[in-house]
Amino acid sequence: MNNIFKTICLVLTGAALASCTLDFPKESEYPFLSGNTGQTPEITFSGQKDIAVGKTGGEFKGSFKSNLPWVAESLVDWIEITSDKRGMGGNGETELTFKVTRNTTLKSRTGQIRVSVTSDAAACIKVVQEPSLPEDLGNEWFIKPGATGKGSSWEDATDLGEALKACATADKLYLAAGTYTPTQYAGGSSDADKTFLLTQNVRIYGGYPANPKAGDAADPAVNKTILSGNESSTRHVFIIAAPKDDDYSIQINGITVRGGCNTSTKAGSNKLNGEYFFTGYGAGVYVLGSKVKFTNCFIKDNKSVKFACGMFSTNNSYVEMEHCEITDNMVENGNAAGIHNAGTMILRNCGIRRNGCTKNSLVGGFYNYDTDKKLKTAKAYLYSCEFENNSGSTNWKRVSNFYGRENSFSVIVNTTFYGSDAGNAPIAIFGKGVTDTEAYIISCTVAGNKSSSPDVCSGIAQVESKVKVYNSIVSGNKGGRDGIWAIQSTMNELIDQRTETVSYSINAEKVFGDDDVMSGLLFDPEKMLGKASNGVVPLIGAGNPALTNGMTADQLKSIKSGRKPEIDETEVVKDQKGNPRTGKVMGAYVGK
């Protein structure tokens with residue numbers, strides 16, 4: 001017999017194949033007799049030639065006609081033929097059914113079902129299956145405080161510490177309301193070293209009822225889910241140390257982290273998962289080289305003697321926060337009460353409130369600084385945030401709200417700073433001895449803050465750094481010199497009130513156009529700034545120049561930093577509360 005084959009291949013997922021080139025079955029496997037049949041092989045598919053297969057898989061079919069005996073086979077183990085796999089042909093249309101399992105990867109995969117008859121031609125039918133998303137994959141863990149089950153359901157719930165030890169990449173952890181206390185250890189074996197240690201890229205969802213049942217939904221605002229350090233015995237409440245992954249990251253939603261108490265007076269140094277871990281940092285949350293996103297989370301009521309209190313993020317970390325609150329964290333004699341960022345951090349619609357320094361610490365709210373100044377890794381992006389009633393110590397080198405240090409890069413957009421108190425300015429960008437310290441302050445309002453000395457700045461302090469202020473209001477601050485000032489590196493001597501780096505903004509009482517003071521216009525904060533409410537300071541008063549002399553949305557979109565990530569265009573065209581910027585209103589809030 002002239003043993004030549006014609007083959008029809010059903011290609012499942014991924015790239016199209018130009019031809020079917022895999023090895024054919026042995027001749028002995030075909031259900032026909034040897035010898036020349038005297039017939040011309042004919043095989044045609046009567047169904048569609050392109051078949052779409054979803055990520056969940058399922059049952060599929062194709063139909064064909066063959067005038068000669070045929071053999072069908074699956075060439076991969078995740079496709080199973082469920083109809084006859086061979087036939088004699090010549091009996092009209094034949095239906096071939098097959099089952100595809102769920103795609104448990106984030107990439108498309110290619111498999112084939114081959115139908116072969118005698119001929120010297122080949123053809124392929126292509127079928128594309130979409131890959132799974134990260135949230136589609138992984139095991140589910142059901143967690144209650146103190147539970148002792150295996151975590152397979154709410155009725156068989158386990159405790160958080162056990163789940164964190166056993167979970168794997170892509171798993172999902174569901175937490176019932178209540179207070180969880182740490183049982184794992186990091187950096188030592190004492191009670192102070194107990195912590196919640198996360199080393200896998202998983203998703204954590206808090207806010208389920210205290211006694212949940214299948215089908216219950218999460219409501220973090222009602223069902224408080226608290227990771228607690230007991231306020232006296234835990235150095236770090238929550239350590240996140242999962243390695244970065246190209247396909248997966250950590251997602252944390254609806255969790256409160258509170259009650260950490262770090263009494264270390266030295267930074268200390270250990271290794272955890274191959275990364276240097278400073279035991280004196282991060283009483284609340286410590287992010288160690290991970291990529292993590294927090295949503296609807298609270299970091300509050302943590303205390304530290306010396307170093308970063310609420311959250312510390314290392315220089316190789318990537319942290320995003322949305323609709324989170326960092327509140328009421330206190331540090332005595334070190335650096336940051338709220339957040340210390342040494343890597344990349346992006347905040348959207350977050351509140352940084354009532355964080356403070358009781359003795360001689362650097363900043364109450366946000367500290368953007370990598371102690372290894374040469375790395376230039378500290379990058380902070382703040383969009384539509386509220387800094388309220390934070391405090392620094394009364395030393396004239398101390399800052400209440402935001403402190404960008406040497407070689408840091410900062411972008412602050414649509415953010416209000418008010419009601420804060422410190423020895424120096426509410427915002428300081430300090431670049432002593434280096435040339436790459438830079439900040440973009442766009443459509444912000446800095447008002448109603450106080451400094452402790454008349455010889456310092458009570459607005460924005462620019463210290464040997466590059467600071468560019470656009471469409472912002474810096475006015476109505478008390479105690480020191482209001483507005484935007486260049487400061488000596490000692491931070492207790494003013495150089496001049498900034499002009500060349502200020503565009504379409506209010507600088508104390510002066511109204512600026514494109515880097516120049518606009519003649520005939522003055523801003524009176526007593527008459528033109530309303531009372532702070534709901535996180536914003538509204539503009540009031542007839543003839544208020546801040547209402548009509550700012551930048552348009554198109555002008556704001558044109559501001560570029562040349563850094564990665566770039567300033568987010570979708571953020572600059574709206575205000576702090578999400579209202580569109582349709583006019584030329586300065587400051588964080590365009591409403592009244």
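In what follows, the structure referred to is the one given above.
Residues numbered from 1 in each chain as written. Predicted model: local features only at pLDDT ≥ 70, side-chain atom pairs only at ≥ 80, totals over all residues. Heavy atoms only, no water.

*Asks:* Help me understand the overall build of the protein chain in this model?
*Replies:* Scanning the protein chain for helices and strands turns up four helices and 55 strands. Residues counted as buried form 55% of the 592 residues belonging to the protein chain. Carbon and sulfur atoms provide 47% of the accessible area of the protein chain, an area that totals close to 24,000 Å². (Helix = DSSP H or I, 4+ residues; strand = E, 2+ residues; numbered from the N terminus. Buried < 20%, exposed > 50% of the residue type's maximum accessible area, 1.4 Å probe, protein only. Areas by Shrake-Rupley, 256 points an atom, 1.4 Å probe, with all protein chains shown as cover.)

*Asks:* Can you help me understand the pattern of salt bridges in this one?
*Replies:* Pairs may arise between side chains of opposite charge once their charged atoms sit close together. Applying the stated criterion to the full structure yields 22 salt bridges. Residues joined by salt bridges that share partners form a network here, namely Glu 325, Arg 353, Glu 386, Glu 388 and Lys 577. (Salt bridge = Lys/Arg side-chain N within 4 Å of Asp/Glu carboxyl O.)

*Asks:* Before we go on, may I ask you to explain the environment of Ile 204 in this structure?
*Replies:* In this fold, Ile 204 is placed in strand E16 (residues 203–208). For the pair Ile 204 and Phe 294, spaced 90 residues apart in the sequence, the C-alpha separation amounts to 9.6 Å. In this structure Ile 204 touches Leu 173, Leu 175, Leu 198, Phe 238, Gln 251, Ile 252, Asn 253 and Ile 255, once residues within four positions along its chain are discounted. (Contact = heavy atoms within 4.5 Å.)

*Asks:* Would you explain the environment of Ala 447 in this entry?
*Replies:* Within the secondary structure, Ala 447 is located in the loop between strand E45 (445–446) and strand E46 (450–451). Taking relative accessible area as the criterion, Ala 447 reaches 3% and is therefore assigned buried. Separated by 28 residues in sequence, Ala 447 and Gly 419 have C-alpha atoms that sit 7.7 Å apart. Discounting residues that sit within four places of it in the chain, Ala 447 has contacts with Phe 417, Tyr 418, Gly 419, Ser 475, Gly 476, Asn 477 and Leu 529.

*Asks:* What should I look at first to understand the pairing of strand E8 (residues 93–100) in this one?
*Replies:* Regular strands place side chains that alternate from one sheet face to the opposite one. For strand E4 (residues 58–66) and E8, the ladder comprises eight bridges, and the chain directions are antiparallel. Within E8, the residue paired with Phe 64 across the bridge is Thr 94. Where strand E6 (residues 79–81) lies against E8, three bridges are found, and the strand directions are antiparallel. When the bridges of E8 are listed, Ile 81 appears paired with Phe 98. (Pairing = 2+ DSSP bridges.)

*Asks:* Would you explain the sheet that holds strand E33 (residues 344–348) in this entry?
*Replies:* Note: strands within a sheet are paired through backbone hydrogen bonds, in either parallel or antiparallel orientation. Read from one edge of the open sheet, twelve strands run E11-E12-E16-E19-E25-E29-E33-E37-E40-E44-E48-E52, paired in parallel fashion. Edge positions in the sheet fall to strand E11 (140–143) and strand E52 (502–503), since each of these pairs with one other strand and no more. Bridging between E16 and strand E19 (residues 250–253) involves three bridges; their strand directions are parallel. Bridging from a neighbouring strand, Arg 203 pairs with Gln 251 of E19.

*Asks:* Honestly, the state of the cysteines in this entry has me stumped. Any pointers?
*Replies:* This model, assessed by the stated rule, comprises zero disulfides. Here Cys 444 is not disulfide-linked; the sulfur of Cys 385 is the nearest cysteine sulfur, at 9.4 Å. (Disulfide = S-S within 2.5 Å.)

*Asks:* It is not clear to me how the nonpolar core should be interpreted in this structure. Could you clarify?
*Replies:* Inside soluble globular proteins, nonpolar side chains tend to come together where they are buried. Core analysis: the largest hydrophobic core is formed by 64 residues, its most contacted members being Leu 173, Phe 294 and Met 321. Per-element tally for this core: the top contributor is strand E12 (residues 172–176), with four residues. If you look at the next biggest cluster of nonpolar residues, it comprises 18 residues, including Phe 45, Phe 60, Trp 70 and Leu 96. (Core = buried A, V, L, I, M, F, W, Y, C linked by side-chain atoms within 4.5 Å.)

*Asks:* Which parts of the structure should I look at to understand the packing of aromatic side chains?
*Replies:* Here the distance between the centres and the angle between the planes together describe a pair of aromatic rings. Following the criterion strictly, the structure yields 17 aromatic pairs and no others. Taking 5.5 Å as the distance between ring centres and 50° as the angle between the ring planes, the aromatic pair formed by Trp 154 and Tyr 208 counts as tilted. Here Trp 154, found in the loop between E11 and helix H1 (160–166), pairs with Tyr 208, found in strand E16; they are 54 residues apart in sequence, far enough to count as distant. Considering the side-chain rings of Tyr 403 and Phe 430, the 6.4 Å spacing of their centres and the 90° angle between planes classify their relative orientation as edge-to-face. Of the two residues, Tyr 403 sits in strand E39 (residues 402–404) while Phe 430 sits in strand E43 (residues 427–430), which places them 27 residues apart along the sequence. On the basis of relative accessibility, which here comes to 3%, the residue Tyr 403 falls in the buried class. The exposure class of Phe 430 is buried, given its relative accessible area of 8%. Among the aromatic side chains, those forming a connected cluster through ring pairs are Phe 142, Trp 154, Tyr 174, Tyr 205 and Tyr 208. (Phe/Tyr/Trp six-rings, centres within 6.5 Å; stacked < 30°, edge-to-face > 60°.)

*Asks:* Help me understand unusual backbone geometry in this model?
*Replies:* One can expect most non-glycine residues to show negative phi and most peptide bonds to be in trans. For the peptide bond that leads from Lys 564 to Pro 565, omega is -5°, which places it in the cis range. One non-glycine residue, Asp 301, lies in positive phi territory at about 55°. Residue placement: Asp 301 occurs in the loop between strand E26 (298–300) and strand E27 (303–304). Residue class for Asp 301 comes out partly exposed when judged on its relative accessible area of 24%. Phi at Arg 354 is positive, roughly 55°, even though this residue is not glycine.

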